[in-house]
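Structural characterization, general
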2 protein chains.
Amino acid sequence: MHKINLNKFQVATNGTVRDINSRIMLNLVRRHQPISRADLMRYSGLQRSTVSVIAGQLIADRWLKEGAVGNLPRGRRPTFLHLNADRCGVIGVDVQPARTTLAVSNMDSQFSALESMPTARDASEFIARLGHRITDLIRAHPRKSYEGVGISLPGRIEVGSERLIFAPTLGWSELDLKTPIERETGLPVKLENAANACALAELWSGQHLDGVSNLVAVTVSDDISVGMIMNRQLVRGSTGVAGEFGHVSQVLDGPKCRCGNSGCWEMLASNAAAVRYYAESASVPKGAIGSKSDMATVPFGDILRLVEQGDPRACKALNQMAHYLGTGIAMLVTGLAPDVLIVVGEVTRVWDKVGPIVADAVKRRSFTHAVTRIVPAGSEAQPRLRGTVALVLQKHFSAPSIA
Amino acid sequence: MHKINLNKFQVATNGTVRDINSRIMLNLVRRHQPISRADLMRYSGLQRSTVSVIAGQLIADRWLKEGAVGNLPRGRRPTFLHLNADRCGVIGVDVQPARTTLAVSNMDSQFSALESMPTARDASEFIARLGHRITDLIRAHPRKSYEGVGISLPGRIEVGSERLIFAPTLGWSELDLKTPIERETGLPVKLENAANACALAELWSGQHLDGVSNLVAVTVSDDISVGMIMNRQLVRGSTGVAGEFGHVSQVLDGPKCRCGNSGCWEMLASNAAAVRYYAESASVPKGAIGSKSDMATVPFGDILRLVEQGDPRACKALNQMAHYLGTGIAMLVTGLAPDVLIVVGEVTRVWDKVGPIVADAVKRRSFTHAVTRIVPAGSEAQPRLRGTVALVLQKHFSAPSIA
DNA sequence: GAATAAAGTTCGGGCTTCGAACAAATAATG
DNA sequence: CATTATTTGTTCGAAGCCCGAACTTTATTC
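Residues numbered from 1 in each chain as written. Chains lettered and ligands numbered in written order. Predicted model: local features only at pLDDT ≥ 70, side-chain atom pairs only at ≥ 80, totals over all residues.

Formed by 245 residues in total, the largest nonpolar core has its most connected members in Ala199 and Val218 of chain A together with Ala199 and Val218 of chain B. Leave out the neighbours within four places in its chain, and Ala199 of chain B touches Leu215, Val216, Ala217, Gly227, Met228, Ile229 and Leu234 of chain B. (Core = buried A, V, L, I, M, F, W, Y, C linked by C-beta atoms within 7 Å. Buried ≥ 20, exposed ≤ 12 C-beta atoms within 10 Å, placed from the backbone. Contact = placed C-beta atoms within 7 Å.)

Let us look at the protein's contact with DNA strand D. With respect to spatial proximity, 31 residues lie near DNA strand D, and among them Ser49 of chain A together with Ser49, Ser52, Gly75 and Arg76 of chain B are the closest. Elements with a contribution of two residues or more to the surface near DNA strand D: helix H1 (14–32) and helix H3 (48–60) of chain A together with helix H2 (37–44) and helix H3 (48–60) of chain B. Examining the composition of the surface near DNA strand D, we find that five residues originate from one element, H1 of chain A, more than from any other. Looking at the surface near DNA strand D, its residues break down into eight nonpolar, 14 polar and nine charged. (Near = placed C-beta within 6 Å. Helix = DSSP H or I, 4+ residues; strand = E, 2+ residues; numbered from the N terminus. Nonpolar A, V, L, I, M, F, W, Y, C, P; charged D, E, K, R; others polar.)

The strands making up a sheet associate through hydrogen bonds between their backbones, and the pairing can be parallel or antiparallel. All names here are of chain B. Overall, mixed pairing links the five strands, which are arranged E6-E5-E4-E7-E10 in an open sheet. What marks the edges here is a single partner per strand, and that holds for strand E6 (111–118) and strand E10 (189–193). Pairs of neighbouring strands in the sheet enclose a mean axial angle of 15°, with direction left out of account. Here strand E4 (residues 89–95) pairs with strand E7 (residues 146–153) via six bridges, running parallel. Across the sheet, the residue bridging to Asp94 is Ser152, located in E7. The strands that helix H5 (residues 178–185) touches are E7 and E10; relative to E10, the one it contacts most, it runs at about 145°. (Pairing = 2+ DSSP bridges. Axes fitted to C-alpha atoms, helices over the stretch in contact; angles between N-to-C directions.)

Quick look at the protein's contact with DNA strand C now. The environment of DNA strand C is formed by 32 residues, the closest being Arg37, Ser49, Ser52 and Gly75 of chain A together with Ser49 of chain B. Mapped onto the surface near DNA strand C, the elements with two or more residues apiece are helix H2 (37–44) and H3 of chain A together with helix H1 (14–32) and H3 of chain B.

Attention shifts here to unusual backbone geometry. Residues and elements named next belong to chain A. Along the chain, Gln33 connects to Pro34 via a cis peptide bond; the corresponding omega equals -5°. Note on placement: Pro34 falls in the loop between H1 and strand E1 (35–36). Positive phi, normally seen in glycine, also occurs at Ser109, with a value near 60°. Given 22 C-beta atoms within a 10 Å radius, Ser109 is considered buried. Positive phi is not limited to glycine here, since Ala337 has a value of about 45°. For Ala337, the position within the fold is in the loop between helix H11 (312–336) and strand E14 (340–344).

Further remarks concern the domain arrangement of chain A. Residues and elements named next belong to chain A. Here the domain parsing of chain A yields domain 1 (14–83), domain 2 (89–201 + 384–397) and domain 3 (212–377). Domain 2 and domain 3 are separated by 26 Å when their C-alpha centres are compared. The interface of domain 2 with domain 3 comprises 16 residues on the first partner and 22 residues on the second. Of the residues forming the side of domain 2 that touches domain 3, the biggest block, six residues, is contributed by helix H6 (residues 194–205). The class makeup of the residues in the side of domain 2 that touches domain 3 is 11 nonpolar, three polar and two charged. (Domains from an automatic or database assignment.)

Superposition record for chain A on chain B: RMSD 0.0 Å, screw rotation 180°, translation along axis 0.0 Å. On this basis, the relationship between the two copies can be described by a two-fold rotation axis. Both copies share a contact surface, since 100% of the interface residues of chain A are interface residues in chain B too. (Least-squares fit on C-alpha atoms with pLDDT ≥ 70 in both.)

Our next topic: the pairing of strand E7 (residues 146–153) of chain A. All names here are of chain A. Among the eight residues in E7, eight count as buried, and that is most of the element. Bridge count for E7 against strand E10 (residues 189–193) is five bridges, and the pairing is parallel. Counterpart to Gly150 in the pairing with E10 is Lys190.

So, in structure tokens, the structure goes:
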């Protein structure tokens, strides 16, 4: 039940019918490929004739390709249809505070190139470098056409202006990334928060997530960000900042956060929090007076390595982080009751240790009616980059906006 | 951008086009009535001829009525079209732990009858009584047709089975309310959580909420429940329990809740919490040993009356409740960033005292990018009952489900 | 070689919107 | 008072789309 938006709607014409059915067909091929026209008829419920016409149009527009001929016990052999994965390319960019990764992808999120560069501290310098890297990448990987550039960022994008707002870990102030990169590359640019990108990635190219309509992605790095898919749609809120559960207080009078609030979830459960726990556990037993300055900040990656080696101090810090990760995830499970909750970040490397603690917190703090599956997403799956591809391509595969 | 659900979609036909445009027209009339066909043409962008045909159909189906003739400086006078508010009636039921209210409404949420009965402790007894009351109500208020029965409940409705699950304040176990009431009344029955009903009410018949796509309703009584509208759609989650932020811990090791968790928001900010604060503030100064049994439980309504009279103990209890109401609302503002957050419940009677405390907490605990308006909804507006009407009628006014 | 079966194509019918022409109704103008 | 301008609302053929039946194509089986 979707209310019609009278401020921004589109009346239907005969073309709308074709548009809808065409997209349904495209999605059916995407899921069931290789598939014959006859099977498409059965899946869609459209007439054989209609399927043929639409398939013809999709082939003419290079969305589909005719492939091999099938074998049946009797009768004329079907010609299989495939998605034409190389119809167009997509440039995916994953901006993280330390490094920025660039990729060239086809329509199936298969990457034909993957490279990275340091993320410049200065925003305008970053824009200039990124623009050049993208144009170089396009020149080095020529294709018939590029559909656009998708950029994942550790920050939020304002809904109307598409400007980057609230990106504390990058240290950039409010910023227009879209216009300069579009000018430099000549391609349309789509920006999205990293957690939202991960959520989109799972929605569009997740494994075994066919029936899933409600999905939450939690990115855990030096901050914590949440992306929400509800009713098969990304939730961005009124301004674009929906999902900042990382800045919800888990402990009302906890440590002060740079956002102004206290005891924010990300102050207690991010990578930075684990680093702090580790440092604190060193200084406290020493009992030194200038304890603060004694704290050696060990990078989170090192803590993970120590955990893998069984170091008890590192394990304790990780457990503390996992505990609060669990209480925060319990909040999301209780409040949003998604089918699936995906955890993204380096911490998934030690999920065998973290997962049970999280599961326990969720079990104790949410009731049985929420049946959320909590799933770690390894970095090898490239959730952010897959999300940028979905970001660029979704307009061709999503339901046409009726209202 | 709405992903197509390949497990449950509907291909488009020529009829789909008419269906879409017809609903757009119906909504345009609803918002702008009285309105001429010519103006509908301008608002919709459809051709004059198309508008005439669709209007004729809607009049034939009794959705619209022709009304007065307008006056223009020049030219032929337009015939105005109105919504035919009495096309069908709706029975609205608002179940609350103590009392259940029933109403007869027309399509404009105008109530032509309003009565109440005690809510029976026993579920099957309640079902029997409610069924009789509804049939009596229909007999006493004869209409051409009744569209259905909408029921608001302090609990959650499972998505697939439409059974009532998780209704702790009612004390009923899992229950099928829909089937027996449908059998008794012969009308389709729709069930919904009270907070979801309030959210729907504001979405469909809220004042000055035209452009609002993201909206959160918080019902505060002996429990706290949240209803979410995101992207102009109700969010129910995978099982139907989305919105149980009342059972998210605000204080991780706070008082034990019957849900099994500790320090739940509703343990700290519900009416029951204020009652507890008031009782505790009495017993503590006494310093008695058997302090627990000394606590006189004063009903929340009495506390409100005392607050209105300026009683300091009651004010202190209310302030404590308001403080936690604020921290919880800050969580919703930060995490969901809706355009509007509506607070429903008796506590809105003293909103001049509570509102500033809530606003302060939200200001201190959420960042400037969320611009949520926090609005109290008085009980005179009957948000729950208006929600039940929206619940029954929304299928005629919402966008047809394409996929 | 004929019968059977399945895939894919062709074509007329019905529905919908579009767009231009038309009819109806009213005020301003000479 | 008749004419003109203007606006509302209707009529009707054209174009686009899906449906459904009939047809063609291509294979296996008897």
